[in-house]
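Coordinates in review
Here is how the chains run, residue by residue.
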Amino acid sequence: MAHLTTEIDTQLSTKALLQLCKRLERAWTLSGILDAFSPVAEQVLGYSHAWLAVFGDKPGIVSVIMHVTSGGASDVSRLAQSMDIPIAGDLMLQEIMTADHVVVVEDARTDPRTNKQIVAQLQNRTIINVPLVLAEQRLGSVGMGTYGDEEGVRPPSPWQLEFMQTMTGHVAVALDRVRFTQARKQAEDALYHEKERLQVTLHAISDAVITTNAAGELLYLNPVAETLTGWKLTAAVGLPYSQVFRLSEAGSGASELDLVAEVIFAAETHRYPQLALDRHQGDSFMAEVAVSPIRDADGEVQGAVLVFRDVTEQRRLSKEIAFQATHDELTGLGNRRAFEQVLAQAFEHTRDQAQQHVVCYLDLDEFKVVNDTCGHTAGDELLCQIAQLFANVLCDKDHLCRIGGDEFGIVLMNQNVGQALLVAERLQQSLTAHRFVWREQNFGVGVSIGMVLLDAASESVGALLQAADSACYVAKDGGRGRIHVYAIDDPALAQRYGVMEWVSRIENALLHDRFLLFAQPIVPLGGSLSTGLHCEILLRMQDDLGGLVSPGQFMPAAERYHMASRVDRWVVTRAVQWVAANQDRIEQCAINLSGQSLGDTAFMDFVLQSLDKTTLRCDKLCFEITETAAISNLPAANRFIDTLRARGCKFSLDDFGSGLSSFAYLRNLPVDVLKIDGQFVKDIARDPVSLAMVKSIHEIGCLMGKQTVAEFVESQAIRELLREIGVHYAQGYAVGYPVPLDQVLGPPKLSH
C-alpha cells in the first residue's frame, strides 16, 4: 500500500512540474514567476504562504519583492511585499547565500539563525528557503512557510525537499530569463531616451552639426546645418558628406581637403578657424569648423562629427574693427596706434640688424586759420588733400600716419638723415605749391618737421617719439616751415625746455662725484621693536657754493634727457656698499629707482652684478618705484620686480593713490610695501576724505598681504591717527629728518 502511495505522489509531482514549466514559460515578470509556482507550493507542498526574494538589486540587501497568501492579500503579505532585509548579521540569509540545500527553519521563534525582530513583525513559524542558483550565480530564493500559532510548526518531509529543489531549478531559469529581458528592455529604453535627448539637443543648439560614418557617408544634419548647407536631412542621408559640406574652390584654398578622412586617420579633433563653404543654392559663406572622431564603446573610430557656424559677418566686422583701430577715419591713413606699432617694429629690427630709419613728426602751419575761417568741414577736406600730397611724395616702403588733429608721423625706412632731409624738403615744397580753395577763398599752408634717427643706439620707442616731437616744436618755434634734426646735445632743444643747464650740471655731478646720499628714518607705529635702522635713502646734489639741491629740481631734466639710469647707477653703487658695510645695524633700506631704470634690462643686470660683488643680505634692500613708472610699462616692471625679488630684495610702490587707476593695477604689481601718497597723509587730521583714502589704501594693502608706510607725517596728531588706523610705518618730519648717510647710524656701539 505504501508503494502505491509513493507512485501516486510521484505522478502528482511530475504533473505539477509539467504544469509549472508551462506557466513559467508564459511568465515575463517577477510577479508572473510567483504566480506560476505559488499554486504548486500550496497544492503539492501544502504551504499557502509563498514568496520570491532576489539578490543583487541592492548591495548587501535581500529584497522580498513578492509575497502571496492563499485566499488573497493579508496584513502579513502586504508587509512582506515591501521588505528589504540586510544580509549582514542575519545568519539565515547568510546561509541561503552560500547553501546548496534547502534552508529549513522549523520554528523561527526559537531558531538562533533568525532575525527575531522580523519574526515578531511577521509572526513566522516554519520558514523554508530554496536557493535559486543558475550557472553558479545566486539569483535569489523561493520561500514558503507557516505563520502564527494557528498554522504552527510544519517542517517539510524528505520527498518535499527533493521536489522543492527540482521545482526551483525551473524557477531559476525563468528568473534569469525575466531579469535578462528586463535588463535588455531597460537598456533599450535608456538608449531610446538618450537618442531622443541627443536629437532634441542637436536640434536646439545654435551650431550646425553633421555626422558621418567611417566611410564619410552622411548620417545626420541638424536644422542649422540644413539652413547653412541648403540640404534637407531626407535628401542628404547616405550621400558623401563632401557633397553636402562643400568646400569652396575659391576663398579658403582648401577645396581638396577631406576633413573626415583626416580626422579618422588621426583619431583626434581638427579645428579650422576659417573655411569657405558653398551652399546647395550656389552662394558661399565663411565657416569656423571643428571635426571630431566618433568612437564606439571600445574606443574604435566609427565616424566623425562636423560642428560649424557661419562667421562671415563676424569676420567682416572683425576686419572692420581692426582697420578702424589702426586707421584714421578721415584720411584713411594709419592713426597714432598704427604709427607706434610701425615704430616698434622698426625699433626691434635695429636691435639685431644693421639698419637705420628716420622718424619724422610733422605739424601743419596756419591750419587753424582754415578751420577758424571756413569751419571744420573745410579743415577736414584740407587734411585729406594734404594726406594725398604727402603720400605722393613718399615711397611705398615708407609709413605715413595721421597722429593728431593737424599732425602727421612718418617713418622713412632704410634712410639716413641726409636722405630724409631731401624727402622732408620735397614734402614742404609740395605743400607750398598747393593752394587750398574753399568757396572762393584761397589759402596756403606750410609744415614744420622734426626728425630723429632710429638706429641701434636708440633707447626706446617712447624716447624716439619724444625726441621727434621736441624737434618739431623747435622747428615751429624757429619760424615755422622749418626742419629740425634732433641731437641729444642740441642747445635749441635745451633752450626750449629750460633744462640744458641741468643736463650739464648732472653730467658734472656724475663725473666729479658731487652727489650726496641722505637717509630719513621709517619708524614702526604698532609698538613692535625694530631690529635695526629702517630708512629711505635720499639723493642730493652739491652746487658750486656747497649748497644742496633737491632731486625735484634736477631729476626731471635727467629723465627727459635719459640720464636717470646713470644717476640711479651712482645711487645703487654707493647705497649697496654702505648697507653691506653696516648690515648688522640695518633692518631695511629703501632705494628709489626711476621709470627709465625699471624698463632697462642693462640696468637690471647692473644691479644683479652689484649684489653679487658683496656679501649683502638682499632682504636688507627695498627698491622704491613710483606707481606712474610701473604702470607705464607693466610687463617690464614685473620682469624687473620678479627678478630681484627672486634674490630676496623687497619692493615698495611709492606715492600710492596719486593715480586714478591705483587699485586697478595693484593686483598686477608684486610689491611688498605701499607708500601712501603724502598728499592724503598730511591732511588726515582735518580732512575726512583724506582720512578715508588713507584707511582704504591701508585696508586694501593688508588684504593683499602688503605693509603700509605713510609719508609726510609732520605732526604727532597725524602720527597718532595713523597708529589708530593700523598703518604699519611712518615717515616724515614728526618721526625723523633726513640726515647725511654717514650720520644716520650714529657712533658704532663698543663691544665689551
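In this text the structure is predicted, and so the values were computed from the model without any measurement.

**As for the nonpolar core**
Ile506, Phe515, Phe623 and Leu722 are the most contacted members of the largest nonpolar core, which totals 101 residues. The biggest single contributor to this core is helix H21 (residues 564–581), with 10 residues. If near-sequence neighbours (up to four positions away) are discounted, Ile506 is found in contact with Phe515, Met541, Phe554, Ala557, Ala558, Met563 and Val567.

**Considering the pairing of strand E1 (residues 49–55)**
The side chains of a regular strand alternate between the sheet's two faces. Here E1 lies mainly inside the structure; seven of its seven residues are buried. Two elements, E1 and strand E6 (residues 137–147), share six bridges in a ladder whose sense is antiparallel. Counterpart to Ala50 in the pairing with E6 is Met144.

**Here we look at the sheet that holds strand E7 (residues 208–213)**
Taken in spatial order, the six strands line up as E8-E7-E12-E11-E10-E9 in an open sheet, and their pairing is antiparallel. Because the sheet does not close on itself, it has two edges, and the strands there are strand E8 (218–221) and strand E9 (246–247). When E7 meets strand E12 (residues 301–310), the two strands line up antiparallel, connected through six bridges. Residue Thr212 lies in a different strand from E12, and its bridge partner there is Ala304. Packing of helix H11 (residues 259–266) onto the sheet brings it into contact with E7, strand E10 (270–278), strand E11 (284–295) and E12, and relative to E10 it is tilted by some 165°. Packing of helix H12 (residues 312–326) onto the sheet brings it into contact with E10, E11 and E12, and relative to E11 it is tilted by some 120°.

**A closer look at the state of the cysteines**
Here the structure, examined in full by the defined rule, presents zero disulfides. Here Cys360 is not cross-linked by a disulfide; its sulfur's nearest cysteine counterpart is in Cys472, at 9.9 Å. With relative accessibility at 3%, the residue Cys360 sits in the buried group.

**Regarding the environment of Ala174**
Here Ala174 lies in helix H7 (residues 158–204). Taking the C-alpha atoms as reference, Ala174 lies 10.0 Å from Arg23; in sequence the two are 151 residues apart.

**Points about the pattern of salt bridges**
Under the criterion given, the structure shown has 27 salt bridges. Among the salt bridges present, the one from Glu720 reaches Arg723, with a minimum N-O distance of 2.4 Å. Pair noted here: Glu720 and Arg723 are both in helix H29 (residues 716–725), with a separation of three residues, about one helical turn. You can call Glu720 partly exposed: its relative accessible area is 34%.

**Quick notes on helix H25 (residues 634–647)**
In this model, H25 (14 residues) spans 20 Å end to end at C-alpha, consistent with the 20 Å of a helix rising 1.5 Å per residue. Among all positions of H25, only Leu634, Ala636, Ala637, Asn638, Phe640, Ile641 and Leu644 are buried. Just beyond H25, the residue with positive phi is Gly648, at close to 110°.

**A short note on the packing of helix H14 (residues 367–374) against helix H15 (residues 376–393)**
Running from N to C, H14 and H15 cross one another at 145°; their axes reach a closest spacing of 6 Å. When H14 is examined against H15, the residues Phe367, Val370, Asn371 and Cys374 are found in contact with a partner set consisting of His376, Ala378, Gly379, Leu382 and Leu383. Of the residues belonging to the contact of H14 with H15, the class tally is six nonpolar, three polar and no charged.

**Structural notes on the pairing of E6**
Within E6, nine of the 11 residues are buried, which leaves it mostly tucked inside the rest of the structure. The pairing of strand E5 (residues 124–134) with E6 spans nine bridges and is classified as antiparallel. If you follow Asn129 over to E6, its bridge partner there is Gly143. Taking the residues between adjacent antiparallel strands as the criterion, E5 and E6 are bridged by two residues, where Ala135 takes a positive phi near 50°.

**Observations regarding unusual backbone geometry**
You will see that Ala267, though not glycine, has its phi angle at about 55°, which is positive. Classification of Ala267 by relative accessible area gives partly exposed; the value is 27%. Positive phi values are uncommon outside glycine, yet Glu366 reaches one of about 65°. Relative to the elements of secondary structure, Glu366 occurs in the loop between strand E13 (357–365) and H14. Its relative accessible area of 40% is what places Glu366 among the partly exposed residues.

**With respect to H21**
The terminal C-alpha atoms of H21 lie 26 Å apart, and with 18 residues this matches the ideal 26 Å at 1.5 Å per residue to within 8%. Ala564, Ser565, Val567, Asp568, Trp570, Val571, Val572, Ala575, Val576, Trp578, Val579 and Ala580 are the residues of H21 that are buried.

**Remarks on the sheet that holds strand E15 (residues 407–412)**
Taken in spatial order, the five strands make up an open sheet running E14-E15-E13-E18-E19, and their pairing is mixed. In this open sheet, the two strands that pair with only one neighbour each are strand E14 (399–402) and strand E19 (483–485). Between one strand and the next, the sheet's axes are offset by a mean angle of 20°, whatever the strand orientation. Bridge count between E13 and E15: six bridges; the pairing is antiparallel. Bridging from a neighbouring strand, Cys360 pairs with Ile410 of E15.

**Considerations on the side chain of Lys706**
Relative to the helices and strands, Lys706 resides in the loop between helix H28 (688–703) and strand E28 (707–710). Put simply, Lys706 is tucked away with no salt bridge, and the nearest opposite charge, on Asp672, sits 6.8 Å away. Within the structure, the side chain of Lys706 is placed 2.9 Å from the backbone oxygen of Val671, a separation counted as a polar contact.

**Regarding the confidence of the model for the chain**
The share of residues in the chain with pLDDT of 70 or more is 89%, and the mean pLDDT across the chain is 85. The low-confidence segment residues 1–5, where pLDDT is below 50, has zero contacts with residues more than four positions distant or belonging to other chains.

**What to know about the packing of H21 against helix H23 (residues 601–612)**
Contact pair H21 / H23: the axes reach a minimum separation of 10 Å and the direction vectors enclose 10°. Relative to H23, the element H21 lies roughly parallel. Touching Ser565, Asp568, Arg569, Val572, Thr573 and Val576 of H21 are Ala602, Phe603, Phe606, Val607, Ser610 and Leu611, all from H23. Of the residues that constitute the contact of H21 with H23, the class distribution is seven nonpolar, three polar and two charged.

Definitions and cut-offs
Residues numbered from 1 in each chain as written. Predicted model: local features only at pLDDT ≥ 70, side-chain atom pairs only at ≥ 80, totals over all residues. Heavy atoms only, no water. Core = buried A, V, L, I, M, F, W, Y, C linked by side-chain atoms within 4.5 Å. Buried < 20%, exposed > 50% of the residue type's maximum accessible area, 1.4 Å probe, protein only. Helix = DSSP H or I, 4+ residues; strand = E, 2+ residues; numbered from the N terminus. Contact = heavy atoms within 4.5 Å. Pairing = 2+ DSSP bridges. Axes fitted to C-alpha atoms, helices over the stretch in contact; angles between N-to-C directions. Disulfide = S-S within 2.5 Å. Salt bridge = Lys/Arg side-chain N within 4 Å of Asp/Glu carboxyl O. Expected span 1.5 Å × (residues − 1). Nonpolar A, V, L, I, M, F, W, Y, C, P; charged D, E, K, R; others polar. Lys, Arg positive; Asp, Glu negative; His and termini not counted. Polar contact = N/O pair within 3.5 Å; in protein donor to acceptor, adjacent residues only side chain to side chain. pLDDT = per-residue confidence, 0-100. Parallel < 35°, antiparallel > 145°, perpendicular 65-115°, else oblique.

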